[in-house]
Amino acid sequence: DAGITQSPRHKVTETGTPVTLRCHQTENHRYMYWYRQDPGHGLRLIHYSYGVKDTDKGEVSDGYSVSRSKTEDFLLTLESATSSQTSVYFCAISESASGAQYFGPGTRLTVL
Amino acid sequence: GQSLEQPSEVTAVEGAIVQINCTYQTSGFYGLSWYQQHDGGAPTFLSYNGLDGLEETGRFSSFLSRSDSYGYLLLQELQMKDSASYFCAASSGGYQKVTFGTGTKLQVIP
């Protein structure tokens, strides 16, 4: 299994508070992704990174920002959490942009 | 834009064979991947088809037809542990190269 961890694994927060989720990999893969998964929607891409300090928006990026200052870490920030951001968040890594993606265990976020 | 369609649910009997279809509309298409996800777990990579034809990995096989914009995942000798959701994912041009379908929930019954 690819070495990829996410923290925290569970978080409950209140509307309007900032939240940062961390993804850490030990595989030295170039590409990293943040997805959210909601019933009926499958996996939807929030942001992705194709190198250190190289990031771009996915299909559901509003309300989210990311940073990647090191190869191994990819941070997802909700500047002001809303109830619509209650979801399960998965980080993924891949060696090539079109190849297999390996997923972290996920973070279950609840915004009250 | 990119879109993929797959059935939302499939039920099959233990020991049988099941096929999960996926049709896609993707510009700059490279290939089709399949992922498995058990309830409460993370998606795990199963297979990738970059060329037309059948790829076999143990009990699982995956097929791609570029001319029909169609692929399928074939699961043989079904086991109860195969009960899970299965996602197809299309790779295409640009850095944002993978789009996932909404998943097919497979229930294996005795």
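Computed from a predicted structure; not experimentally measured.

**Q** With reference to specific residues and values, describe the state of the cysteines.
**A** As used in these notes, a disulfide is a covalent bond between sulfur atoms, one from each of two cysteines. Within this structure, the stated rule accounts for two disulfides over all chains. Cys23 of chain A shares a disulfide with Cys91 of chain A; S-S distance 1.9 Å. Of note, the bridge from Cys23 of chain A to Cys91 of chain A carries an S-S torsion of about -75 degrees and is left-handed in sense. Here Cys23 of chain A, found in strand β3 (residues 19-25), pairs with Cys91 of chain A, found in strand β9 (residues 87-94); they are 68 residues apart in sequence, far enough to count as distant. For Cys23 of chain A, a relative accessible area of 0% gives the class buried. The exposure class of Cys91 of chain A is buried, given its relative accessible area of 0%. Between the sulfur of Cys22 of chain B and that of Cys88 of chain B lies a disulfide, 2.1 Å long from S to S. Judged by the sign of its S-S torsion, about 75 degrees, the cystine formed by Cys22 of chain B and Cys88 of chain B is right-handed. With Cys22 of chain B in strand β3 (residues 18-25) and Cys88 of chain B in strand β9 (residues 84-91), this pair connects stretches of sequence that are 66 residues apart. For the pair Cys22 of chain B and Cys88 of chain B, one class covers both residues: buried.

**Q** Before we move on, can you summarise the sheet that holds strand β7 (residues 60-65) of chain B with the specific residues and values?
**A** All names here are of chain B. Strands sit in the order β1-β3-β8-β7-β6 across an open sheet of five strands; the sheet is antiparallel. The two strands at the open ends of the sheet, each matched to only one other strand, are β1 (3-5) and β6 (53-57). Recorded for the sheet is a direction-independent mean angle of 20 degrees between the axes of neighbouring strands. Where β1 meets β3, three bridges bridge the pair, whose relative direction is antiparallel. From the neighbouring strand, Leu4 faces β3, where its bridge partner is Tyr24.

**Q** Go over the interface of chain B and chain A, please, and point to the residues and values.
**A** By a widely used convention, the size of an interface equals the accessible area lost when the partners come together. Counting from both sides, the interface comprises 17 residues of chain B and, opposite them, 23 residues of chain A. Together, the buried faces of chain B and chain A total about 1,600 Å²; carbon and sulfur atoms form 63% of this surface. Joining chain B to chain A, the criterion identifies zero salt bridges. The interface formed by chain B and chain A holds two residue pairs in polar contact (both at pLDDT 80 or more) in total. Broken down by class, the residue content of the side of chain B that touches chain A amounts to 10 nonpolar, six polar and one charged.

**Q** Kindly report on unusual backbone geometry, identifying the contributing residues and their values.
**A** Excluding glycine, residues mostly have negative phi values, and the peptide bonds linking residues are mostly trans. That bond from Ser7 of chain A to Pro8 of chain A is cis: its omega, -10 degrees, falls within 30 degrees of zero. Inspection of the secondary structure assignment puts Pro8 of chain A in the loop between β1 (4-7) and β2 (10-13). Despite not being glycine, Asn28 of chain A shows a phi value in the positive range, around 60 degrees. Structurally, Asn28 of chain A is set in the loop between β3 and β4 (31-38). Phi at Glu77 of chain B is positive, roughly 45 degrees, even though this residue is not glycine.

**Q** Just give me the short version of the sheet that holds strand β8 (residues 73-78) of chain A, but keep the residues and values in it.
**A** Residue and element names in this part refer to chain A. The four strands lie next to each other as β1-β3-β8-β7, forming an open sheet whose pairing is antiparallel. At either end of the open sheet lies a strand with only one pairing partner, and these are β1 and β7 (64-70). Across this sheet, the average inter-strand angle for adjacent strands is 20 degrees, counted without regard to direction. As paired elements, β3 and β8 share six bridges and run antiparallel to each other. Within β8, the residue paired with His24 across the bridge is Asp73.

Rules used in this analysis
Residues numbered from 1 in each chain as written. Chains lettered and ligands numbered in written order. Predicted model: local features only at pLDDT ≥ 70, side-chain atom pairs only at ≥ 80, totals over all residues. Heavy atoms only, no water. Disulfide = S-S within 2.5 Å. Helix = DSSP H or I, 4+ residues; strand = E, 2+ residues; numbered from the N terminus. Buried < 20%, exposed > 50% of the residue type's maximum accessible area, 1.4 Å probe, protein only. Pairing = 2+ DSSP bridges. Axes fitted to C-alpha atoms, helices over the stretch in contact; angles between N-to-C directions. Contact = heavy atoms within 4.5 Å. Buried area = accessible area lost by both parts, 1.4 Å probe. Salt bridge = Lys/Arg side-chain N within 4 Å of Asp/Glu carboxyl O. Polar contact = N/O pair within 3.5 Å; in protein donor to acceptor, adjacent residues only side chain to side chain. Nonpolar A, V, L, I, M, F, W, Y, C, P; charged D, E, K, R; others polar.

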